[in-house]
Amino acid sequence: DSGVTQTPKHLITATGQRVTLRCSPRSGDLSVYWYQQSLDQGLQFLIQYYNGEERAKGNILERFSAQQFPDLHSELNLSSLELGDSALYFCASSVGGIGGETQYFGPGTRLLVL
Amino acid sequence: GIQVEQSPPDLILQEGANSTLRCNFSDSVNNLQWFHQNPWGQLINLFYIPSGTKQNGRLSATTVATERYSLLYISSSQTTDSGVYFCAVHDGWGANSKLTFGKGITLSVRP
């Protein structure tokens, strides 16, 4: 158990819908990262938040957004969902946020868009 | 951006055998991690090893940063070692930095 929690574990929805994925980092970690794992793209970094502020951005679509709240949990919002958004979404956390640190991954949320 | 290549892409072993998994990267890095993704999809941290050698039970890893590669050794493999092994590297600091994953090595250990 990494100490990072994600909810829900599974999510099934329809095209065009909007969903919210939630992540709680390890106790004491200030950074939260979101990743997407799909069959065609592999594991890709989406976005990082550090202590409530966006720190780094990867291949995140404009239809996707994220935020980190004062209690340090984070939410990833996916809107106007398409079939191709079906993937495993991971959250990770680390102590700081300047790079080069160990990232600990949550169990993931498996999203299926029908 | 930085390129991460893992080899071989697939590996089939008999239980009890040893194996070496390789990760090459195209630029200098300040973080390298090895992960095991089990059949249920969980990503498990194996090693944080930007340089040097570490051991944890039957697993060990070596990173030669100057030559831009890392090796993961699995000894006396067990069926529970099956899954996908990922190498990931972090190539910068601050706003432009990110963890880049290789495509993974699929390991099947047969009883």
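In this report, we go over the structure that sits alongside the text. (Residues numbered from 1 in each chain as written. Chains lettered and ligands numbered in written order. Predicted model: local features only at pLDDT ≥ 70, side-chain atom pairs only at ≥ 80, totals over all residues. Heavy atoms only, no water.)

**Looking at the overall build of chain B**
Next up, step 1: A count of helical and extended segments in chain B gives 0 helices and 11 strands.
Next up, step 2: Listed N to C, the secondary structure of chain B is β-β-β-β-β-β-β-β-β-β-β in terms of helices and strands.
Next up, step 3: Over its C-alpha atoms, taken along the principal directions, chain B stretches across nearly 45 × 25 × 20 Å.
Next up, step 4: Every one of the 111 residues in chain B was classed for burial, and the buried ones make up 50%.
Next up, step 5: Excluding contacts between residues fewer than 6 apart, the proportion of contacts in chain B whose partners are at least 24 apart in sequence is 55%.
Next up, step 6: Here chain B displays about 5,400 Å² of accessible surface, and carbon together with sulfur accounts for 48% of that area.
Next up, step 7: Between the mean site of the 7 positive side-chain charges and the mean site of the 7 negative ones, chain B shows a separation of 2 Å. (Helix = DSSP H or I, 4+ residues; strand = E, 2+ residues; numbered from the N terminus. Buried < 20%, exposed > 50% of the residue type's maximum accessible area, 1.4 Å probe, protein only. Contact = heavy atoms within 4.5 Å. Areas by Shrake-Rupley, 256 points an atom, 1.4 Å probe, with all protein chains shown as cover. Lys, Arg positive; Asp, Glu negative; His and termini not counted. Charge placed at Lys NZ, Arg CZ, Asp CG, Glu CD.)

**Examining the packing of aromatic side chains**
Next up, step 1: Overall, the coordinates contain 9 aromatic pairs over all chains when judged by the stated rule.
Next up, step 2: Ring geometry for Tyr35 of chain A versus Phe105 of chain A: centroids 5.1 Å apart, planes at 40 degrees, classification tilted. With Tyr35 of chain A in strand β4 (residues 31-38) and Phe105 of chain A in strand β10 (residues 104-105), the pair connects residues that are 70 residues apart, well separated along the chain. Neither Tyr35 of chain A nor Phe105 of chain A differs from the other in exposure class; each is buried.
Next up, step 3: Seen in terms of ring centroids, Phe105 of chain A and Phe35 of chain B are 5.1 Å apart; in terms of plane orientation they differ by 80 degrees. Their pairing is edge-to-face. Taken together, the residues Phe105 of chain A in strand β10 and Phe35 of chain B in strand β4 (residues 31-37) connect one chain to another. Note on accessibility: Phe105 of chain A and Phe35 of chain B belong to one class, buried. (Phe/Tyr/Trp six-rings, centres within 6.5 Å; stacked < 30°, edge-to-face > 60°.)

**Observations concerning the interface of chain A and chain B**
Next up, step 1: Facing 19 residues of chain A, the contacting portion of chain B comprises 21 residues.
Next up, step 2: Summed over both partners, the interface of chain A with chain B buries about 1,600 Å², with 55% contributed by carbon and sulfur atoms.
Next up, step 3: Considering only the surface of chain A that becomes buried against chain B, Leu43, Gly100 and Phe105 of chain A emerge as the three largest contributors, covering 30% of it.
Next up, step 4: Inspection of the region where chain A meets chain B yields 4 residue pairs in polar contact (both at pLDDT 80 or more). (Buried area = accessible area lost by both parts, 1.4 Å probe. Polar contact = N/O pair within 3.5 Å; in protein donor to acceptor, adjacent residues only side chain to side chain.)

**Some details on the side chain of Ser19 of chain B**
Next up, step 1: Looking at where Ser19 of chain B falls in the secondary structure, it is placed in strand β3 (residues 19-25).
Next up, step 2: In this structure Ser19 of chain B touches Leu11, Leu13, Leu72, Tyr73 and Ile74 of chain B, once residues within four positions along its chain are discounted.

**A word on the pairing of strand β11 (residues 109-113) of chain A**
All names here are of chain A.
Next up, step 1: Alternating positions in β11 separate cleanly, Thr109, Leu111 and Val113 being buried on one face and Arg110 and Leu112 remaining unburied on the opposite face.
Next up, step 2: With 4 bridges joining them, strand β2 (residues 10-13) and β11 adopt parallel strand pairing. Residue pairing in the sheet places Leu11 in a bridge with Leu111 of β11.
Next up, step 3: As defined by bridge partners, strand β9 (residues 87-94) adjoins β11 across 3 bridges and the pair is classed as antiparallel. By the bridge assignment, Leu88 is partnered in β11 with Arg110. (Pairing = 2+ DSSP bridges.)

**Focus: the pairing of strand β8 (residues 74-78) of chain A**
All names here are of chain A.
Next up, step 1: Among the 5 residues that make up β8, 5 are buried, leaving the element largely enclosed by the rest of the structure.
Next up, step 2: One ladder, built from 5 bridges, connects strand β3 (residues 19-24) with β8; its direction is antiparallel. Pairing of Val19 across the sheet is with Leu78, part of β8.
Next up, step 3: Relative to β8, strand β7 (residues 64-68) runs antiparallel, the two sharing 5 bridges. Each residue of the ladder has a partner; that of Gln68, found in β8, is Ser74.
Next up, step 4: Where β7 folds back on β8, the antiparallel hairpin that results is connected by 5 residues, among which Leu72 adopts a positive phi of roughly 80 degrees.

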